[in-house]
Amino acid sequence: PSCGYCGAKYNNRLAVGFFVWCNCLIGSLQVVLMILCILGIIVLGDVVERCEPAEAHRDVDLLHACNDILQGCKYMKSSDFDLTKYEGCYDYMSSEMSPVMGFLGLCAALSGCVVCLAFASCCWGRELHSAMDHQELQELCIESSDDDHA
């Protein structure tokens, strides 16, 4: 933000250009983060659905793939679930998935907000950067002398 402010205040095209590219990069990275969060929610939901004990016991290949859940429970402790059995381990893991999926959903929503702000800043900064060659813009930019008199 300071590059955009200083670039506009002092009519510095380089600072405004840096502001634009930084916002484009931040927006692009936030899009990637948002996609990863959404994919995480989908994958976790699929694991919870497909590895349900009633479903997993019907298909030997699926049960073999879901047995890693039992391996993960070796290092966990719970007084409410029997973590030595597949069903208890699954119940424990699925009970822990809701907060994780909620957190991923919150991250995706916040990333969406950041994407909108970053790309809006990128567009408006680009407009300012393109207009900085024109004489009319000099009147629109913040005058540094205004700050000296305050």
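Refer to the structure printed above.
Residues numbered from 1 in each chain as written. Predicted model: local features only at pLDDT ≥ 70, side-chain atom pairs only at ≥ 80, totals over all residues. Heavy atoms only, no water.

Asks: In this structure, what is going on with the nonpolar core? I would like to understand it.
Replies: Nonpolar side chains in soluble globular proteins generally cluster together in the buried interior. One finds Cys51, Ala56, Leu62, Cys66, Ile69, Cys73, Leu83, Tyr86, Cys89, Tyr90, Tyr92 and Met93 forming the largest nonpolar core, which totals 12 residues. Mapped onto this core, the elements with two or more residues apiece are helix 4 (60–66) and helix 6 (86–131). It is helix 6 that provides the largest number of residues to this core, a total of 5 residues. Sequence-distant contacts of Cys89, that is, excluding residues within four places in its chain, are made with Ile69, Leu70, Cys73, Asp82 and Leu83. (Core = buried A, V, L, I, M, F, W, Y, C linked by side-chain atoms within 4.5 Å. Buried < 20%, exposed > 50% of the residue type's maximum accessible area, 1.4 Å probe, protein only. Helix = DSSP H or I, 4+ residues; strand = E, 2+ residues; numbered from the N terminus. Contact = heavy atoms within 4.5 Å.)

Asks: Hey, could you run me through the environment of Met101 in this one?
Replies: Along the polypeptide, Met101 turns up in helix 6. Relative accessible area serves as the criterion here: at 24%, Met101 is assigned to the partly exposed category. On a C-alpha basis, the gap between Met101 and Ile38 in space is 9.2 Å, while along the polypeptide they are 63 residues apart. Discounting chain neighbours no more than four positions away, the residues touching Met101 are Ile41, Leu44 and Gly45.

Asks: Whenever I open this one, helix 1 (residues 2–9) confuses me. Can you help?
Replies: For the α-helix, the turn length of 3.6 residues means that residues three or four positions removed from each other point alike. All of the buried residues in helix 1 are Gly4, Gly7, Ala8 and Lys9. Immediately beyond the C-terminal end of helix 1, within one or two residues, lies Asn11, with a positive phi of roughly 55°.

Asks: Honestly, the state of the cysteines in this entry has me stumped. Any pointers?
Replies: Summed over all chains, the structure comprises 3 disulfides. Note on cysteine connectivity: Cys24 is disulfide-linked to Cys122, with sulfurs 2.2 Å apart. Here the residue Cys24 occupies a position in helix 2 (residues 13–50), and Cys122 occupies one in helix 6, the gap between them amounting to 98 residues. Paired through a disulfide, Cys73 and Cys89 show a sulfur-sulfur distance of 1.8 Å. The sign of the 90° torsion about the S-S bond sets the Cys73-Cys89 disulfide as right-handed. Here Cys73, found in the loop between helix 5 (68–72) and helix 6, pairs with Cys89, found in helix 6; they are 16 residues apart in sequence, far enough to count as distant. Overall, the relative accessible area of 2% leaves Cys73 in the buried class. Cys89 gets classed as buried once you look at its relative accessible area, which sits at 0%. Numbered by order of appearance in the sequence, the disulfide-linked cysteines of the chain pair as 1-6, 2-3, 4-5. As a non-bridged cysteine, Cys37 has Cys107 as the owner of its nearest cysteine sulfur, 4.8 Å distant. (Disulfide = S-S within 2.5 Å.)

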